[in-house]
Each structure stands twice: as structure tokens, then as C-alpha cells.
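Chains, contacts and geometry: an overview
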Amino acid sequence: MAHPYGLFLEYGKYSSKFTHTANHIHDEMYELTFLVSGQRRCLIESTLYDIAPGDLVCVPPGLLHRTTTMASHGFERYVIYFYPDNHRDFIQTVGEDRFRRLMESGCLRFPPHIVR
């Protein structure tokens, strides 16, 4: 799964029949999921989040997580996976502490007027 930039972007528009994989862990990658439409429920370790459009879910490496459906209709999302070693300059610019706090936040909910 090597990539020269250490960054992977995934887009998906799923029907109501979509079932996500079982609980899983990314050993070295961060995962950012932005929900465009629909509703999801996300479990990160022992914390449950109800995800709405405009929410950004942050999952650091090594944490058990899973998403499931909350409604009978489908959903649309973007997912970014990245390796921190490939983005050291960015992390240092932002600051290690700020970056860590952001990535450990679980779910960021943006006000609707920002998302449009």
C-alpha cells in the first residue's frame, strides 16, 4: 500500500445496503472521514458518535474503530488516510501538541453555515 506521498483519498456514495467492515485498526495511519450526506454511527475504542453531514471524524493509529448505519437511506463520504512520517513538516508547522489534540478529538462538528 505504498504511495509516494503517504496520503490516500477515498470517495464513496453508498446505498442503504452498505455494511462496513468489522472493527479494525490502522497500525500506522491516521484516518479522517468527512460525511457529506446521510447519517452514520461511529465507534472509536469505547466512545460512540452519531455522525451527521459536515462532521469530521478523526481516528489516530492504533485505535479500534467501526462505522455502522443509522438510517435506511445511503450516505456519501470522503476518507483521507495518511502516514505521519510523510507529513512531518506539516505537523511541525501546526505544532505536535495541536496536531495530536486535533487527531484525538474523535468527531468535530462544524456549524452548518460553514459546511455549505
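Predicted, not measured: the structure shown is a model, and the values here were computed from it.

Calculation notes
Residues numbered from 1 in each chain as written. Predicted model: local features only at pLDDT ≥ 70, side-chain atom pairs only at ≥ 80, totals over all residues. Heavy atoms only, no water. Helix = DSSP H or I, 4+ residues; strand = E, 2+ residues; numbered from the N terminus. 1 Å grid on protein atoms, 1.4 Å probe; cavity = no way out; pocket = protein on both sides within 12 Å on 5 of 7 lines; lining within 4 Å. Points joined across faces, edges and corners; volume = space filled by probe spheres on them. Nonpolar A, V, L, I, M, F, W, Y, C, P; charged D, E, K, R; others polar. Pairing = 2+ DSSP bridges. Axes fitted to C-alpha atoms, helices over the stretch in contact; angles between N-to-C directions. Contact = heavy atoms within 4.5 Å. Salt bridge = Lys/Arg side-chain N within 4 Å of Asp/Glu carboxyl O. Buried < 20%, exposed > 50% of the residue type's maximum accessible area, 1.4 Å probe, protein only. Disulfide = S-S within 2.5 Å.

Leaving glycine out, the prevailing phi sign among residues is negative, and the prevailing peptide bond configuration is trans. With a phi angle near 55°, Glu45 is a residue other than glycine that sits in the positive phi range. Locating Glu45 in the fold gives a position in the loop between β3 (40-44) and β4 (47-51).

What follows is about empty space enclosed by the protein. If you walk through the whole model with that rule in mind, you get two cavities of 30 Å³ or more. Each pocket or cavity is described by its volume, and for the largest cavity that value is around 70 Å³. Around the largest cavity, the lining residues are Thr33, Leu35, Arg40, Cys42, Ile51, Val57, Thr67, Phe75 and Arg77. When residues of the lining of the largest cavity are traced back to their parent elements, those giving at least two are β2 (30-37), β3 and β7 (75-82). By volume, the second largest cavity amounts to about 50 Å³. In this structure, the second largest cavity is lined by 10 residues; those nearest its centre are Glu31, Thr33, Cys42, His65 and Thr67. Where the lining of the second largest cavity is concerned, the elements lending two or more residues are β2, β5 (55-59) and β6 (65-69). For the lining of the second largest cavity, a count of residues per class yields three nonpolar, five polar and two charged.

Moving on: the sheet that holds β2. Pairing within the open sheet is antiparallel, and its five strands lie in the order β1-β7-β2-β5-β8. The sheet is open, and its two borders are formed by β1 (7-14) and β8 (107-109), each paired with just one other strand. Ignoring which end each strand starts from, the neighbouring axes of this sheet average 15° apart. With seven bridges joining them, β2 and β7 adopt antiparallel strand pairing. When the bridges of β7 are listed, Leu32 appears paired with Ile80. Sitting on the sheet, helix α2 (residues 96-103) is in contact with β2, β5, β7 and β8, with an inclination near 50° to β2.

In space, the three strands of this open sheet follow the order β4-β3-β6, with antiparallel pairing throughout. Each having just a single partner strand, β4 and β6 make up the two edges of the open sheet. On average, adjacent strands in this sheet sit at an angle of 20° to one another, irrespective of strand direction.

Turning next to the pattern of salt bridges. For the coordinates displayed, the defined rule picks out seven salt bridges. Two residues, Glu10 and Arg77, come together in a salt bridge whose shortest N-O distance is 3.4 Å. Pair noted here: Glu10 is in strand β1 and Arg77 is in strand β7, with a separation of 67 residues, a long-range link. According to the relative accessible area criterion, Arg77 is buried, its value standing at 6%.

To continue, consider the state of the cysteines. One pass over the structure, following the stated rule, counts zero disulfides. Not part of a disulfide, Cys42 finds its nearest cysteine sulfur in Cys107, a span of 7.8 Å. For Cys42, a relative accessible area of 2% translates into the label buried.

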